[in-house]
Structures are given as structure tokens and as C-alpha cells.
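Coordinate analysis (summary)
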Amino acid sequence: ALLAYAKASQQLLAQGETGERLHDVIGRVAAESQRAADVVSRLRDFFRTGTTRLERIWLRELLSSVASRFAAQAQQQGIDLTLHPAPPCALWADRLQLEVVLRNLLANAFEATAERPGAGRQVRVWAHQESIGRVCITVEDSGPGVSEEMVEHLFAAFHSSKASGLGLGLAISRAIIEAHGGSLWAEVAERGVFKVLLPIGEAPSDGP
């Protein structure tokens, strides 16, 4: 996000823009910088002490917020990003930590989908109530999927199929989800399918 906004600022300056549009983009750079600092700080605290800052989060709002940050990238790369309506339920969770997990899953889905021809690039996100008190979030992509051999090592730290990757993203994501009393796994399939199972928090009588 920081890179995208920084490039947008450069383009606006090159066009001679000095007004409201430029100020808006610079404001987004500052906001994303602060968000990144907050994420790093929160993850540092989590791995040092297991600390989570719980709050009631509406699932629909959480998924919409995360997916919206990939809208521009989807348009640029010709990816059909679809967010299906989620159940009207709330989670009792650490928002920043869950955003880290969902962003990581979506980023991986985008990378996998990029291997497909333009017309076949699809990423879908949806959620459904798995059982009483639990909700399942699914991130599916049209990439090559996960094999039996891959699934055994996929969530191991320092194991990565990416040339530039450290193999920490999925390991960190699973640790966060398990700290929330949930689980994260990949399904063996010809498409990429990752699922997050989380407990539903006690929701107020009204909400989104």
C-alpha cells in the first residue's frame, strides 16, 4: 500500500498536481505508515508475551476492510476479486492481528493467481457459520493449488516456495489464529483453498 501511494504521489507531482488530490494521497501514505508501525509493534508484543488486544469486530466490516485494500491491485493485474456477503456475526478478537492473517492469505492468493492467463484470474472470499459458535472464512484462488506434498510443510517456519520468501507468513498466521482459539489450514485441491475457523464472539442485539 505504501509503495502504491508513493508512486501515485510521484505521478501527481509529475502532472503538476499540488492541491487536494496530492494532499489526500500523502495523507494515505502517513496513515499506512502508522498502520504498519502498529502491526509490527502488535506482532512483537504477541511473540514476546502472547498479548492480544481483544475487541468486538463485525465480520462483514473486517472482511470488507481487508478486501478493499486489494481492489486497486486486482484492477491493475486483471484479477476478479469477489467478496461474498458474510454472516451478520461478531468476533471477539485482535483486529490488527486478524488483518495481518487475512492480508497474508489474500496476498498469497494474488501471487498464485498471477500464474494463470488473464481471463482466468479469480480470487474469492466468503464466510459461513460452520457450527454453533464458530465461523469459517475461506480464501480461494484460481492458482495451481496445494498438493499433498506441499501441505505437509506449508505452515512450517522458514519453509517457502517463493524465491524471495522467508516462509514466515503462514507460520505467523497460524500462530495468531490458534491464539484466538481457532485453526488455519489449506485444502489439497486444484485451486488454492485456505480456511480460517474462528469462534464467534457474543454479539450485541444490533449491528451491521
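A brief look at the structure comes next. Everything numeric in this text was worked out from a predicted model, so none of it was measured.

**Looking at the pattern of salt bridges**
Throughout the structure, instances matching the rule amount to five salt bridges. Between Arg28 and Asp24 there is a salt bridge; the shortest N-O distance is 3.1 Å. With Arg28 and Asp24 both in helix H2 (residues 20-49), this residue pair falls four residues apart, about one helical turn. Its salt-bridge partner being Glu140, residue Arg124 comes within 3.6 Å of it at the nearest N-O pair. Of this pair, Arg124 sits in strand E4 (residues 122-131) while Glu140 sits in strand E5 (residues 134-141), and the two are 16 residues apart along the sequence. In this structure, a network of salt bridges that share partners links the residues Arg124, Glu140 and Arg191.

**Points about the packing of aromatic side chains**
Under the counting rule described, the total for this entry stands at one aromatic pair. Arranged with centres 5.3 Å apart and planes meeting at 50 degrees, the rings of Phe70 and Phe110 form a pair that is tilted. Residue Phe70 is found in the loop between helix H3 (59-68) and helix H4 (71-77), and its partner Phe110 is found in helix H5 (residues 95-113); the two are separated by 40 residues along the sequence. Its relative accessible area of 8% is what places Phe70 among the buried residues.

**Here we look at helix H7 (residues 169-179)**
Among the residues of H7, Leu170, Ala171, Ser173, Ile176 and Ile177 are the ones counted as buried. Looking at the packing, one finds that the buried side of H7 touches H2, H5, strand E6 (183-186) and strand E7 (192-199). Positive phi shows up at Gly181, right after H7, with a value of about 80 degrees.

Conventions we followed
- Residues numbered from 1 in each chain as written.
- Predicted model: local features only at pLDDT ≥ 70, side-chain atom pairs only at ≥ 80, totals over all residues.
- Heavy atoms only, no water.
- Salt bridge = Lys/Arg side-chain N within 4 Å of Asp/Glu carboxyl O.
- Helix = DSSP H or I, 4+ residues; strand = E, 2+ residues; numbered from the N terminus.
- Phe/Tyr/Trp six-rings, centres within 6.5 Å; stacked < 30°, edge-to-face > 60°.
- Buried < 20%, exposed > 50% of the residue type's maximum accessible area, 1.4 Å probe, protein only.
- Contact = heavy atoms within 4.5 Å.

Nothing here speaks to function; it is all geometry.
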